[in-house]
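Report on the structure
One-letter residues, chain by chain:
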Amino acid sequence: MRIITGTKARMTILPPRDRTTRPITDRVKESLFSILGSYVADTVVADLFCGTGSLGLEALSRGARHAVMVDADRDALMRLRKNIEKLRFQDNTSVISADIFQTGIPSQFNYNSVSPQDKPELCNLVFIDPPYRLSQNTSLESQLGRLLIKISGQIADEATIIFRHERRAEPLPDYADLHQFDQRIYGRMGLTFLEKTGKIEKDEK
């Protein structure tokens, strides 16, 4: 993955109703998308534990082709649908209520709106933002570790995965075919970047 710095105006969306869903802060989100830069354009995105859609909708606003948004919180998904309608991304999104630890990236999202070819197009950019209490343990045997291993078999080659976790967590260098190539710390949270490839690249600081 080649990382190119870029900037964009702030996007306003409907926030969560309560503190059950903890959206990423504007500062961290801007930093994240500056790191991703032009990589976002034309990607097929999976936003897991999406809440009201902050990351997936931001990716669409920066040129992603389609976003599959997945969460188990039905109230958050209701507000997500309002955000999608407000931003007119109805044709570019699939909204699914599911237990992500069980499904990973659900196979039933509408591939037809992503690719007209017979062969489905796999996601090549994945955001994972689980509840903090579940992000403290990142071992292979943890829920998050098993999820990353599952996702490694559901995404395109050279796909990029970013997951948010508690700062004190210590993500492993590898989860199956996923390899860590960067990590950023912001206050009490960390962002770890992985890529589905045998080659590990680090961006130039």
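What counts and how
- All chains use their own residue numbering, which begins from 1 and follows the written sequence.
- Totals for whole chains, interfaces and linings use all residues, but because this is a predicted model, local features are given only for residues with pLDDT of at least 70 and pairs of side-chain atoms are given and counted only at 80 or more.
- Side-chain numbers come from the whole structure's heavy atoms, not from hydrogens or water.
- By definition, a salt bridge exists where a carboxyl oxygen of Asp or Glu is found within 4 Å of a side-chain nitrogen of Lys or Arg.
- Runs of H or I in DSSP of at least four residues are treated as helices and runs of E of at least two as strands, each being numbered from the N terminus.
- Only protein chains enter the accessibility calculation, which uses a 1.4 Å probe; a residue whose area is less than 20% of its type maximum is buried, one above 50% is exposed, and one in between is partly exposed.
- Asp and Glu are treated as the negative residues and Lys and Arg as the positive ones, with His and the ends of the chain left uncounted.
- Under the rule applied, a polar contact is a pair of N or O atoms within 3.5 Å (in protein, one hydrogen donor and one hydrogen acceptor; residues adjacent in sequence only if both atoms are side-chain atoms).
- Contacts between residues were defined by any pair of non-hydrogen atoms, one from each residue, lying within 4.5 Å.
- Lines fitted to the C-alpha atoms define the axes, with helices restricted to the stretch that makes contact. Angles between their N-to-C directions range from 0 to 180 degrees.
- For classification purposes, angles smaller than 35 degrees are called roughly parallel, those larger than 145 roughly antiparallel, those between 65 and 115 roughly perpendicular, and all remaining angles oblique.
- Note: crossing handedness is left-handed where the near helix turns anticlockwise from the far helix by less than a right angle, and right-handed where it turns clockwise.
- Just so you know the grouping, Ala, Val, Leu, Ile, Met, Phe, Trp, Tyr, Cys and Pro go in nonpolar, Asp, Glu, Lys and Arg go in charged, and all remaining residues, Gly too, go in polar.
- Here, any two strands with at least 2 DSSP bridges between them count as paired.

Turning our attention to the pattern of salt bridges. One pass over the structure, following the stated rule, counts eight salt bridges. For E30, the salt bridge goes to R62, with nearest N and O atoms at 3.4 Å. Of the two residues, E30 sits in helix α1 (residues 26-36) while R62 sits in the loop between α2 (54-61) and β2 (66-71), which places them 32 residues apart along the sequence. The buried category is assigned to R62, whose relative accessible area is 17%. The residue R65 makes a salt bridge to D42 at a minimum N-O spacing of 2.8 Å. One end of the pair, R65, is in the loop between α2 and β2; the other, D42, is in the loop between α1 and β1 (44-48), and 23 residues separate them in sequence. On the basis of relative accessible area, D42 is assigned to the partly exposed category, the value being 47%. Through salt bridges that share partners, K29, E30, E58 and R62 make up one connected network.

Attention now goes to the side chain of D71. Considering the arrangement of structural elements, one finds D71 in strand β2. Buried and unpaired, D71 has R74 as its nearest opposite-charge partner, separated by 9.8 Å. In terms of polar contacts, D71 uses its side chain to reach the backbone amide nitrogen of D73, at 2.9 Å. Excluding anything up to four places from it in sequence, D71 contacts F49, C50, G51, L77, I96, S97, A98 and I100.

Close contact between α1 and α2 brings their axes to 11 Å; oriented N to C, the two are set at 45°. The angle between α1 and α2 falls in the class oblique. Every pair of crossing elements has a handedness; the one defined by α1 and α2 is right-handed. Where α1 approaches α2, its residues K29, L32 and F33 are matched on the opposing element by S54, L55, E58 and A59. When the residues that make up the contact of α1 with α2 are grouped by side-chain class, the tally is four nonpolar, one polar and two charged.

Among the six residues that make up β2, six are buried, leaving the element largely enclosed by the rest of the structure. Where burial is concerned, the two faces of β2 agree: the one with H66, V68 and V70 and the one with A67, M69 and D71 are both buried. The pairing of β1 with β2 spans five bridges and is classified as parallel. Following the sheet pairing, D47 is matched in β2 by M69.

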